[in-house]
Amino acid sequence: MTRLRVDGVPVDVCEGASLLDAVRAVGTELPTLCHDDRLRPAGSCRTCLVRADGRVTAACVTPAAPGTNVTTAQQDLRDLRRDAVELIVSALPPRALTAGRRSELAETCRTLGITLGKAAPETSGNRDDSHPYIELDRDLCIACGRCVRMCDDVQGTFALTLTGRGADTVVAPGTGGPWAQSDCVACGGCVDTCPTGAITHPGPGRGITTAQPQPEQVRTTCGYCGVGCALDVVVSGNQVSAVLPALDGPVNQGHACVKGRFSHGYLTSAERLAHPLVRKNGNLEPVGWEEALARVADGLRGAVAAGGPDAVAAISSARATTVSAEEGESVARCPEGTKAIAGGYVRDTWYRNGYGESTDDVTANAPTQDGSGWFARQFHGKTVARALCS
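Thresholds applied
Residues numbered from 1 in each chain as written. Predicted model: local features only at pLDDT ≥ 70, side-chain atom pairs only at ≥ 80, totals over all residues. Heavy atoms only, no water. Phe/Tyr/Trp six-rings, centres within 6.5 Å; stacked < 30°, edge-to-face > 60°. Helix = DSSP H or I, 4+ residues; strand = E, 2+ residues; numbered from the N terminus. Buried < 20%, exposed > 50% of the residue type's maximum accessible area, 1.4 Å probe, protein only. Expected span 1.5 Å × (residues − 1). Pairing = 2+ DSSP bridges. Axes fitted to C-alpha atoms, helices over the stretch in contact; angles between N-to-C directions. Contact = heavy atoms within 4.5 Å. Core = buried A, V, L, I, M, F, W, Y, C linked by side-chain atoms within 4.5 Å. Disulfide = S-S within 2.5 Å.

Visitor: Help me understand the packing of aromatic side chains in this model?
Guide: Here a ring pair, both rings aromatic, is described through the centre-centre distance and the interplanar angle of the planes. If you walk through the whole model with that rule in mind, you get one aromatic pair. Taking the centre distance of 5.2 Å and the plane angle of 5° together, the rings of Tyr-133 and Phe-262 count as stacked. Of the two residues, Tyr-133 is situated in the loop between strand 6 (127-128) and strand 7 (135-137) and Phe-262 in helix 6 (residues 258-262); the sequence distance between them amounts to 129 residues. Judged by its relative accessible area of 9%, Phe-262 falls in the buried class.

Pasting the structure below:
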């Protein structure tokens, strides 16, 4: 541990910690427009200035050394930090600080008392709305580079870059074209780290990021795969506004993929089924659960009666939970159910006799068994790998 003093208060921090870590440890918050704890410090915005042993320095990039005396509350330091933020804001249009805007920069300006009078005139806009999940407003970009570093260092996609020189430097897709045609995998890391709202996502969750505490959010575990990413679901009016990767998630540590972050639109989709549907006279009609389940049970019993237990097969999603898969197995096997139970991804080949041979002789959209003890089924031109039927 390294011991130093912040505004006269002794504090111990871990080896390798920065002065910013020490300042936060005593409960003091500084503006940090270019800093994200998930990224390597850059020290480019100069808004976290402190005085360490009489020398003014950026807290985020200065290592905490034993015995250092750090001060943050002197008026000249407050003025320096305010001037740095005002200089950044002066190049932005008024919409960067409009009332109710959710962004790290807007919150910092409200804390420091910086108003719209310090902002540049409104511009006509320089937007890229080509992507379904990500919107880019270049006029709000302060060239902090957080989005580029998030894409490079955390996601590893290298889809973004800073283009231009001097005051004209802004973020852009690395391919030079529209965002939708870039290498972006829509992980949302750039959205979450952007301090100004230059990069955001459409919908009711616009501007919501992990940098701002939300009044109502629910911790959950992503169910799209088996990694187990921790997510915070932001709720407003009993509706999901946004899904954020949990910064303290033991697996994902503040990161998520496109499915965990953005694939929740089905909750409010007009195409989402609200009732079971049963085909009657060639048309799908909404019915109650009792009638729908009775129809399923009658159909399964009829198939088993006509062709035996192996006339029915149960296929479970590879994304299903263990509990769901176990319940599905119980339903399929009891009382005299099928032994053909499997789950997996759609693949180009299916496995026969355990060797993974590729075959084209499987009847499309019909379960088959070729005597080898393996079950296979074609689905939209792809063959689903099935488990041993024994």
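Visitor: Looking at this structure, I do not really get helix 7 (residues 289-307). What am I missing?
Guide: Given 3.6 residues per helical turn, the α-helix brings residues three or four places apart onto the same face. Between its terminal C-alpha atoms helix 7 stretches 27 Å, which fits the 27 Å expected from 19 residues at 1.5 Å a residue. Gly-308 occupies a position one or two residues after helix 7 and carries a positive phi of about 85°.

Visitor: Help me understand the sheet that holds strand 5 (residues 69-71) in this model?
Guide: Backbone-to-backbone hydrogen bonds join strands into a sheet, with any given pair of strands oriented parallel or antiparallel. Taking strand neighbours across the sheet as the criterion, the five strands line up as 2-1-5-3-4 in an open arrangement whose pairing is mixed. Each edge of the open sheet is held by one strand with a lone partner, namely strand 2 (9-13) and strand 4 (55-58). Going across the sheet, the axis of each strand differs from the next one's by a mean of 35°, ignoring polarity. Sheet analysis places strand 3 (residues 49-52) next to strand 4, joined by four bridges and oriented antiparallel. Paired with Val-50 across the bridge in strand 4 is Thr-57. Contacting strand 3, strand 4 and strand 5, helix 2 (residues 75-89) runs over the sheet at an angle of about 145° to strand 3.

Visitor: Can you help me understand the environment of Val-185 in this one?
Guide: Looking at the element boundaries, Val-185 is found in the loop between strand 9 (170-173) and helix 5 (189-193). For the pair Val-185 and Cys-257, spaced 72 residues apart in sequence, the C-alpha separation works out to 8.0 Å. When near neighbours in sequence (up to four residues on either side) are disregarded, Val-185 contacts Gln-155, Thr-157 and Val-258.

Visitor: Please clarify how the nonpolar core should be interpreted in this entry.
Guide: Most often, soluble globular proteins have nonpolar side chains that are buried together. Residues Leu-105, Leu-160, Val-171, Cys-190 and Ile-199 are the most contacted members of the largest nonpolar core, which totals 32 residues. When contributions to this core are tallied by element, the ones reaching two or more residues are helix 2, helix 3 (104-112), helix 4 (146-155), strand 9 and helix 5. Counting 19 residues, the second-largest nonpolar core is a separate cluster that includes Val-11, Val-13, Ala-17 and Val-50.

Visitor: Sorry if this is basic, but what is going on with the state of the cysteines here?
Guide: A disulfide bridge is the covalent bond that connects two cysteines by way of their sulfur atoms. What the rule picks out here adds up to zero disulfides. No disulfide involves Cys-34; its sulfur sits 3.6 Å from that of Cys-45, the nearest cysteine. Considering cysteine sulfurs only, Cys-190 is the nearest to Cys-187, which forms no disulfide, with 6.3 Å between them.

Visitor: Explain unusual backbone geometry to me, please; I cannot follow it from the model alone.
Guide: As a rule of thumb, non-glycine residues mostly have phi less than zero, and peptide bonds are mostly trans rather than cis. Positive phi, close to 60°, is recorded for Arg-46, a residue that is not glycine. In this structure, Arg-46 sits in the loop between helix 1 (19-25) and strand 3. Positive phi is not limited to glycine here, since Asn-281 has a value of about 55°. Tracing the backbone shows Asn-281 in the loop between strand 14 (277-280) and strand 15 (283-286).

Visitor: I would appreciate a short explanation of the sheet that holds strand 10 (residues 199-200) in the present structure.
Guide: The antiparallel open sheet is built from three strands, whose spatial order is 6-7-10. Taken across any chain shown, the strands that pair with only one partner, and hence form the sheet edges, are strand 6 and strand 10. When strand 7 meets strand 10, the two strands line up antiparallel, connected through two bridges. Looking at strand 10, one finds that Leu-136 is bridged to Ile-199.

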